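Residues per chain are reported as follows:
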Amino acid sequence: AEAAATSSLQWFAEGVSDPILDGIRNNGAFNQSSGPEPFLRAFIDGEIVPYYNSCYVLTPQGQPDCHQIQGECAPSEVACGYVYMITALVLSAVIATGIFAILGICSCGCCLCPANTAPRRTRPWGSVGVGDSRSKIRVFTLYALGLTAALVTVFSVIGFLSMLELSEDVLSLLDGVKEGSLVAAVLKKRALSVIALADEKAEAFSNIKGDKLRGLPQMVDSVKQIQVSLAYMKAQTFRTEAFVEGCPAGVASCEHLSNEDPLDTKNWNRCIFEPVDGPGKHDEGVAATLSNGNPNPACRDKKTGSPGVCPCCAKCDRLTRSIDLVSSQIPTSKDLGVLNATFPIEEVPAAAKDAFSKYQDPLKTATESFESLTKWVTKAQDTMVSKHWVFALVAVGFWIPSWIAVGIVVFGILLLANHGNNRTLWWTAFGLGLASCLLLLAPIFGFVSLVVIPFSDLCTVIPKNNQSSAAFLALLEGDLDPDPHFDLASKSSLGELSGLLSGKVWSNRGDQPGTSLRAVRDTLQLGLGDSPTDSGFASKLLNGCILNKHGFIWDIMDIERSQLDSTLKIQSASATVPPTAVARALDWRRYRDMSGIQGQINSLDTEDASFGVSDCGAADFKGCQADMEAYDKDLSGDFEKLKVNVGKFGLAAHKLVALSEQEQNNVTALLSGADVAAQSIESAIWNAGSCDFLNEKYEGFRAPLCDEMAFSIRAMWGAILLAALSWVPLLFLLLVIAIRGWKCWTSKYDFQLILDMDEEEEDVGEDAESWTPSFNLQFPQLSHFNRFWGSITGDSSSISQDEWPRPVNRQGSV
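Residues numbered from 1 in each chain as written. Predicted model: local features only at pLDDT ≥ 70, side-chain atom pairs only at ≥ 80, totals over all residues. Heavy atoms only, no water.

Trainee: Looking at this model, I keep getting lost on the overall build of the protein. Mind explaining?
Mentor: Helix and strand counts for the protein stand at 24 helices and five strands. Taking contacts inside the protein between residues at least 6 apart in sequence as the whole, the part at least 24 apart equals 79%. Total accessible area on the protein is roughly 40000 Å²; 60% of this is exposed by carbon and sulfur atoms. (Helix = DSSP H or I, 4+ residues; strand = E, 2+ residues; numbered from the N terminus. Contact = heavy atoms within 4.5 Å. Areas by Shrake-Rupley, 256 points an atom, 1.4 Å probe, with all protein chains shown as cover.)

In structure tokens form, the structure reads like this:
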């Protein structure tokens, strides 16, 4: 039922009220920019009174004399046409009020007159004869009463519903204003929710990161073990190679170094292997001392025992190269530490908080500023809801005189149809109808006329979604002084509310005036360009965001997505941990030659000719065999040390390969998860700048204002106008019926007017059916006139004062 009533009001406003308003507008010589626009701008600036007055302070050329106006002035005579149109509507209400007042005064004389006591002829109202013109007029009167009463009823019901709907629309508008005042709070809430989401995502990622990299410490331990083993094996291989190749010439002694002894390469007659797989060569030097104290027999002439060139340990050199190669490919602790780097997803919360801190104070200030508005609107809503019955009672009280009068008319019609009549009923209905028109309809029509046209024009300027905002932006042009100093929290009385609605409010800082609407205009104007269509802040804000729910605030601020990512340090995980770093840390295939080191060490044997171990014969120098055995023993001891260490190396290397394979899968999943988490936060931050909530808040204000409240006001205005117009013929009919058969006297002219529509002084018999309505006009003091009147009516007899107030026998037909 409510939806049906609302749709009916919208249909009435669009189908009835709007054509009337359009017809009124068409009579004004102005357009959108020359009429409503300057008028609305003056309203927004709180200068509507001086603007209005300027149209009545004119120069001899007919233009507004702006030099005599303190405030905004109408720009031209054409613009004043808009003011004149509104004034004409109000004056029409004033004139109508005067007419109804005169009618009431005049009717009072007839109402107080004594009843006609002339002999009457009983004639039922309901009887209709063929060719009876009098009966036809009576039937026509009945139908006219019914029709006009029905019209008054219909328009009064529409007006009543529009008043009730208007109160609901005001509540919806207040709700929209309250929701709109929460814009700063919504922005702050969105920012905090995004930061909370970033914290949540970062914490979740940290937990996943810890789980995925749980094998990393073991890898570090394995790498350390391998590095220690490789370092030991290299040092031991160097010692073995130095033991085989001896010391440079001129050295007093060349000892066989133990594991603890540092190797001094200056005391090493190291061979040069060119090519690397060649036998190697070096100059003659000093043989290393064996464990038995004799020099290395491999460095002596076997026959004479004299010093010679020591052999080159080619296997030692190749083993050293293999160890160096593996050492260069084994990841270091630093390489593995890269995997545990701080990912972008973990930096976003801090960056987001830092970025938000720059806007936190303005948002806090805006939120606090709107708190007073929110409290005031909430208080107004509570008052309206608690006093809703008052608004309903006012609406009923406004229309109940009309309804009672119409009810009396209906009762009177039924009484007449049943051969009855009571003129008191007609006078009562007439009085109630006249009072309704005089005291209610005409004054309220004038008041509503002040706002109905500007209000509807304002709604044509306020754009809908995806519509042009050029007309609205045009209202934001001009040089202003943005200092309203308006505190809505202190505005609670009805008078102050009326002042706000009229565009004029007073601040709580003395008596300095300002307007809340002007404050909005000043704020938006800060970003205007040279024209309303320029790409200034206000234009971009309206067209790109407020009127476009698919827009983003970032576009209004000229922030690209890449800039946002840079500010929040959002980037791909691969930028933090490049694939090369992952391969450096986890690609075990690079150091697969570890098994080659094991094979080389395990294959070390003194029987290899490159070490110079051989059997001595009887012809060899004395002690050759004993020295060879000592050399073999010392060399085998070095080999054994390498073989023992390479076993430990193999275990650590095997563990490292297994951990690398496992962590490679984990890190791949971790990097992918980091990108997904970062992308989700980036999308959340970007979507937090969506204009959907601004569009929603805007529509929450515009829709009740222009799609509901405007319809209700226009419907109410049209209903009041048409109800008043419907009362005019109804009042005439009621007055005619009420005064028929009643006589009025005046002492000045001493005349009698008898308007008789249903009675005669005596029965006329068979001629009754041909009787027609008639009237008597008598002037008892003017006998000559009475004779003249009698000659006109066909009565040749003279009428003397003695016959007064008896009416003449023959009556002039109307």
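After presenting the structure, the write-up continues.
Trainee: Before we go on, may I ask you to explain the state of the cysteines in this structure?
Mentor: Defined simply, a disulfide is a covalent bond joining two cysteines at their sulfur atoms. Applying the stated criterion to the full structure yields nine disulfides. The disulfide partner of C247 is C254, and the S-S distance across this bridge is 1.9 Å. Looking down the S-S bond of the C247 and C254 bridge, the torsion is 75°, so its handedness is right-handed. Accessibility classification places C247 together with C254 in one group, the buried group. Each sulfur of the disulfide joining C545 and C691 lies 1.9 Å from the other. The S-S bond linking C545 to C691 shows a torsion near -105°; that makes this disulfide left-handed. Here C545, found in helix α16 (residues 537-546), pairs with C691, found in the loop between α22 (624-688) and α23 (692-739); they are 146 residues apart in sequence, far enough to count as distant. Here C545 and C691 have matching classes, each one buried. (Disulfide = S-S within 2.5 Å. Buried < 20%, exposed > 50% of the residue type's maximum accessible area, 1.4 Å probe, protein only.)

Trainee: Is there a simple way to explain a nonpolar patch on the surface in this structure?
Mentor: A cluster of nonpolar side chains, W389, V390, F391, L393 and V394, forms an exposed patch at the surface whose accessible area comes to about 490 Å². Here L393 lies in helix α11 (residues 388-417). (Patch = residues over 30% accessible without salt bridge, like charges linked within 9 Å, V, L, I, M, F, W, Y side chains within 5 Å. Salt bridge = Lys/Arg side-chain N within 4 Å of Asp/Glu carboxyl O.)

Trainee: What exactly am I supposed to notice about the environment of L542 here?
Mentor: Structurally, L542 can be placed in helix α16. For the pair L542 and Q467, spaced 75 residues apart in sequence, the C-alpha to C-alpha distance is 9.9 Å. Contact partners of L542, with chain neighbours within four places excluded, come to S469, F472, L473, L547 and N548.

Trainee: Explain the nonpolar core here, please?
Mentor: A general feature of soluble globular proteins is that nonpolar side chains tend to end up buried together. By size, the foremost hydrophobic cluster in this structure holds 97 residues, and its most contacted members are L145, L441, W717, W727 and L734. Within the second largest apolar cluster, 75 residues are counted, among which are M219, V223, I597 and I601. (Core = buried A, V, L, I, M, F, W, Y, C linked by side-chain atoms within 4.5 Å.)

Trainee: I tried to follow helix α1 (residues 2-26) on my own but got confused; where do I start?
Mentor: It helps to recall that an α-helix has 3.6 residues per turn; residues three or four apart then point in one direction. Taking 1.5 Å as the rise per residue, α1 with 25 residues should run 36 Å; its terminal C-alpha atoms sit 34 Å apart, in good agreement. A bend of about 40° at S17 is the largest found in α1, and the proline P19 appears one to four places after it. (Expected span 1.5 Å × (residues − 1). Bend = angle between axes of the 7 residues up to and from the residue.)

Trainee: What exactly am I supposed to notice about the packing of helix α7 (residues 216-245) against α22 here?
Mentor: The angle between the axes and the distance between the axes are what describe a pair of packed helices. Running from N to C, α7 and α22 cross one another at 160°; their axes reach a closest spacing of 8 Å. Between α7 and α22, the angle falls in the class roughly antiparallel. Regarding α7 and α22, the two cross each other, and that crossing is left-handed. Here the residues of the contact of α7 with α22 sort into 19 nonpolar, nine polar and five charged. (Axes fitted to C-alpha atoms, helices over the stretch in contact; angles between N-to-C directions. Parallel < 35°, antiparallel > 145°, perpendicular 65-115°, else oblique. Left-handed = near helix turned anticlockwise from the far one by under 90°. Nonpolar A, V, L, I, M, F, W, Y, C, P; charged D, E, K, R; others polar.)

Trainee: Looking at this model, I keep getting lost on the packing of aromatic side chains. Mind explaining?
Mentor: The description of an aromatic ring pair uses the distance of the two centres, along with the angle that the planes make with each other. The final tally for this structure, using the stated rule, is 15 aromatic pairs. Three or more aromatic residues joined by ring pairs make a cluster, and in this case those are F39, Y51 and Y82. Sitting above the plane of the F621 ring, R300 keeps its charged end 4.1 Å from the centroid. (Phe/Tyr/Trp six-rings, centres within 6.5 Å; stacked < 30°, edge-to-face > 60°. Lys NZ or Arg CZ within 6 Å of the ring centre and 35° of its normal.)

Trainee: How should the side chain of S156 be read in this particular structure?
Mentor: Tracing the backbone through its elements, the reader meets S156 in helix α5 (residues 133-180). From its side chain, S156 meets the backbone oxygen of V152 in a polar contact 2.8 Å long. Here the side chain of S156 touches T153 through a polar contact of 2.7 Å, landing on its backbone oxygen. When residues no more than four places from it in sequence are discounted, the contact partners of S156 are W399 and W403. (Polar contact = N/O pair within 3.5 Å; in protein donor to acceptor, adjacent residues only side chain to side chain.)

Trainee: What is the right way to read unusual backbone geometry from this model?
Mentor: In most cases, non-glycine residues show a negative phi, while peptide bonds are predominantly trans. Here the residue pair E274 and P275 is connected by a cis peptide bond, since its omega of 0° sits within 30 degrees of zero. Summarising the element assignment, P275 is placed in the loop between α7 and α8 (314-329).

Trainee: What exactly am I supposed to notice about the pattern of salt bridges here?
Mentor: Two side chains that carry opposite charge are able to pair once their charged atoms sit near each other. Tallying each qualifying case throughout the model produces 19 salt bridges. E179 is the partner of K697 in a salt bridge, and the nearest nitrogen-oxygen pair spans 2.9 Å. Placement of the pair is K697 in helix α23 and E179 in helix α5, with a sequence separation of 518 residues. Here R702 ties to D707 by a salt bridge, and the two come within 2.8 Å at their closest N and O atoms. Here D707 falls in the partly exposed class, since its relative accessible area comes to 24%.

Trainee: Help me out: how do you make sense of the environment of G98 in this one?
Mentor: Residue placement: G98 occurs in helix α4 (residues 77-112). The class for G98 is partly exposed, based on a relative accessible area of 31%. Counting along the chain gives 340 residues from G98 to L438, while the straight-line C-alpha distance between them is 8.0 Å.

Trainee: Would you mind showing me how to read the confidence of the model for the protein here?
Mentor: Low pLDDT marks regions whose predicted coordinates should not be analysed in detail. For the protein, the average pLDDT comes to 76, and 77% of its residues sit at 70 or higher. Segment residues 115-131 is flagged for pLDDT under 50; beyond a separation of four residues in sequence, or across chains, it makes 45 contacts in the model. Note that pLDDT drops below 50 for residues 525-535; the model gives that stretch 26 contacts with residues more than four away or on any other chain. (pLDDT = per-residue confidence, 0-100.)

Trainee: Would you take a moment to explain the environment of I413 for this structure?
Mentor: Residue placement: I413 occurs in helix α11. Along the sequence, I413 and L145 sit 268 residues apart, while their C-alpha atoms lie 7.8 Å from each other. Contact partners of I413, with chain neighbours within four places excluded, come to L142, L145, G146 and W426.

Trainee: I keep staring at the packing of α11 against helix α12 (residues 423-461) and nothing clicks. Help me out?
Mentor: Contact geometry for α11 and α12: axes closest at 9 Å, N-to-C directions at 155°. Between α11 and α12, the angle falls in the class roughly antiparallel. Crossing handedness for the pair α11 and α12: left-handed.

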